[in-house]
Amino acid sequence: MTGMASHRAAAVEAEEEAGVSGLVCPTPLGSYRYRKRKGNGASLMLDVDVFPLAVTREHDVWKEQSQRERRWFSLPDAADAVDESDLRDLIRSFGPAEFKTAAERKGVLAAVAKTTKVRPMFAWFQRLLPRTGNFFELFEAHAVAIGAAADAVARLLRNGTGGAADHIREVIEREHDADDITREMLLTVRRTFLTPFDRGAITSLIGAMDDSIDEMQAAVQAIDLYEVAHFTQEMTDMAAIIVDAARLTAEAMPLLRDVGRNGGRLHELTERMVRMESQADAIHANGVKRAFKELGASDTLGFIVQREVYKHLERIVAAFKHVANEIDGIVIDHA
């Protein structure tokens with residue numbers, strides 16, 4: 001669409017063709033190529049970027065309703081339903097289903113025994129050692145809280161959805177849940193003899209995750225304080241990046257159960273989170289610049305408020321980059 005950013009054009013297409021709307025992440029999942037036959041008979045190769053969109057509304061009436069049937073699919077079924085092989089792979093890579101076997105890991109010492117070719121009789125020694133704590137369950141529970149808070153932030157920043165007070169309250173409640181999980185994690189580190197990673201890596205990762213949801217709380221409290229009711233396109237773009245970063249974090253946590261097996265995928269996830277942070281920086285700069293041009297001379301207070309909101313959103317994304325760096329550190333040390 002001429003004059004429109006690709007991710008926004010994708011959101012328009014989703015609403016027109018499927019009757020769904022929400023926040024679309026500006027960072028593409030990937031791209032694929034296919035041949036499209038035009039009305040004049042030419043068959044041309046097209047490059048297509050694919051963007052994740054967090055659906056917040058299903059419309060009862062939409063533009064191309066008479067041309068299509070809207071139906072929800074599981075990721076495997078969606079992949080099987082498309083013709084293009086590259087798009088099929090992109091859809092499959094969107095979810096963590098293929099890594100569920102990571103939860104079947106039998107423990108750190110079992111992995112050591114396998115790597116070092118120690119015989120199964122080594123297992124008797126494993127049974128003599130203390131339990132290793134529920135670190136992975138706590139990481140995964142914290143990621144759930146982060147994802148729920150990110151969704152609430154997105155709903156708050158999506159203009160016209162209403163219920164601002166409820167969205168703000170949910171973020172604060174989710175942050176309290178995350179604090180409880182973090183506290184339990186720190187206690188578990190102190191009372192556990194054998195940990196799956198270095199104790200410092202565990203506390204650093206849970207701390208980075210907690211920072212991300214702390215920044216979400218700070219953002220919504222600032223929005224509440226300044227009674228911000230309208231959000232720019234750049235702000236909603238950054239909110240979409242936050243939603244997708246939370247999704248990637250939630251996918252990464254179960255994979256930590258077997259870093260050796262899942263190191264490659266973990267690196268893919270963290271690399272994407274780092275790219276998203278770079279794009280968020282550019283969006284942040286453009287948004288502040290536009291706010292200054294539009295409000296700097298005529299509405300100084302309005303500019304200061306917008307800049308404050310941008311600052312908080314940028315800090316959320318930066319916190320997710322810190323999460324990515326901590327995960328990468330674990331991969332480097334243990335994969």
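Please read all numbers here as calculations on a predicted model, not as lab measurements.

1. A closer look at the nonpolar core
Point 1. Judged by nonpolar contacts, the single largest core of 73 residues is most densely connected at Met-216 and Leu-256.
Point 2. Top contributing element to this core by residue count: helix α6 (residues 135–157), with 14 residues.
Point 3. Core analysis: the next-biggest nonpolar cluster, separate from the first, contains eight residues, Val-50, Ala-79, Val-82 and Leu-87 among them.

2. With respect to the pattern of salt bridges
Point 1. Per the stated rule, a full pass over the model turns up 24 salt bridges.
Point 2. Among the salt bridges present, the one from Asp-180 reaches Arg-183, with a minimum N-O distance of 2.5 Å. Of this pair, Asp-180 and Arg-183 both sit in helix α7 (residues 164–191), three residues apart, which is roughly one turn of that helix.
Point 3. Accessibility expressed as a relative area gives 44% for Asp-180, which makes it partly exposed.
Point 4. For Arg-183, a relative accessible area of 48% corresponds to the partly exposed category.
Point 5. Of the charged contacts, one joins Glu-234 and Arg-290 as a salt bridge, the two residues approaching to 2.6 Å between their closest N and O atoms. With a gap of 56 residues between them, Glu-234 in helix α9 (residues 233–255) and Arg-290 in helix α10 (residues 259–295) connect regions that are remote in the sequence.

3. Describing α6
Point 1. Taking 1.5 Å of rise per residue, the 23 residues of α6 would be expected to cover 33 Å, and the 33 Å separating its terminal C-alpha atoms lies within 8% of that figure.
Point 2. Among the 23 residues that make up α6, 17 are buried, leaving the element largely enclosed by the rest of the structure.

4. Things to note about the packing of aromatic side chains
Point 1. In this structure the tally under the stated criterion is three aromatic pairs.
Point 2. Taken together, a centroid distance of 5.9 Å and an interplanar angle of 80° make the contact between Phe-136 and Phe-197 edge-to-face. With Phe-136 in helix α6 and Phe-197 in the loop between α7 and α8 (199–225), this pair connects stretches of sequence that are 61 residues apart.
Point 3. We classify Phe-197 as buried; its relative accessible area is 3%.
Point 4. When the centroid spacing of 5.6 Å and the interplanar angle of 70° are considered together, the rings of Phe-292 and Phe-303 count as edge-to-face.

5. Section: the packing of α6 against α7
When two helices pack together, their arrangement is captured by the angle between the axes and the distance separating the axes.
Point 1. Remark: α6 packs on α7, axes separated minimally by 9 Å, with the N-to-C direction vectors making an angle of 165°. Put simply, α6 runs roughly antiparallel to α7. The handedness of the crossing between α6 and α7 is left-handed.
Point 2. Classifying every residue of the contact of α6 with α7 by side-chain character gives 17 nonpolar, four polar and four charged.

6. Some details on the environment of Ala-201
Point 1. Within the secondary structure layout, Ala-201 lies in helix α8.
Point 2. In this structure Ala-201 comes out as buried when scored by relative accessible area, which is 16%.
Point 3. Separated by 128 residues in sequence, Ala-201 and Gly-329 place their C-alpha atoms 7.8 Å apart.

7. Focus: the packing of α8 against helix α11 (residues 300–334)
Point 1. Two numbers describe how α8 lies on α11: the axes approach to 9 Å, and their chain directions differ by 170°. In terms of their interaxial angle, α8 and α11 are classed as roughly antiparallel.
Point 2. In the contact of α8 with α11, the residues fall into 16 nonpolar, four polar and four charged.

8. Some words on unusual backbone geometry
Among all residues except glycine, the phi angle is most often negative; among peptide bonds, the trans geometry is most common.
Point 1. At Glu-227, a position not held by glycine, the phi torsion is positive, near 55°.
Point 2. The topology assignment puts Glu-227 in the loop between α8 and α9.
Point 3. The class of Glu-227 is exposed, set by a relative accessible area of 69%.

9. Brief notes about the environment of Glu-17
Point 1. By secondary structure assignment, the location of Glu-17 is in helix α1 (residues 6–18).
Point 2. In sequence terms Glu-17 and Glu-69 are 52 residues apart; their C-alpha atoms lie 9.2 Å from each other.
Point 3. Not counting chain neighbours up to four residues away, the residues in contact with Glu-17 comprise Trp-62, Glu-64 and Arg-68.

10. Notes on the side chain of Glu-64
Point 1. Its location among the elements puts Glu-64 in the loop between β4 (53–58) and α2 (75–81).
Point 2. We classify Glu-64 as buried; its relative accessible area is 13%.

11. Some points on the confidence of the model for the protein
Detail in the predicted coordinates should be disregarded across regions flagged by low pLDDT.
Point 1. Here the protein shows a mean pLDDT of 86. Residues at 70 or above account for 86%.
Point 2. Below pLDDT 50 for its whole length, residues 97–131 participates in 33 contacts with residues either more than four positions away or in separate chains.

12. Considerations on the environment of Lys-36
Point 1. Within the secondary structure layout, Lys-36 lies in strand β2 (residues 30–37).
Point 2. Put simply, Lys-36 and Leu-46 are 10 residues apart on the chain and 6.9 Å apart in space, counted from C-alpha to C-alpha.

Conventions used here
- Residues numbered from 1 in each chain as written.
- Predicted model: local features only at pLDDT ≥ 70, side-chain atom pairs only at ≥ 80, totals over all residues.
- Heavy atoms only, no water.
- Core = buried A, V, L, I, M, F, W, Y, C linked by side-chain atoms within 4.5 Å.
- Buried < 20%, exposed > 50% of the residue type's maximum accessible area, 1.4 Å probe, protein only.
- Helix = DSSP H or I, 4+ residues; strand = E, 2+ residues; numbered from the N terminus.
- Salt bridge = Lys/Arg side-chain N within 4 Å of Asp/Glu carboxyl O.
- Expected span 1.5 Å × (residues − 1).
- Phe/Tyr/Trp six-rings, centres within 6.5 Å; stacked < 30°, edge-to-face > 60°.
- Axes fitted to C-alpha atoms, helices over the stretch in contact; angles between N-to-C directions.
- Parallel < 35°, antiparallel > 145°, perpendicular 65-115°, else oblique.
- Left-handed = near helix turned anticlockwise from the far one by under 90°.
- Nonpolar A, V, L, I, M, F, W, Y, C, P; charged D, E, K, R; others polar.
- Contact = heavy atoms within 4.5 Å.
- pLDDT = per-residue confidence, 0-100.

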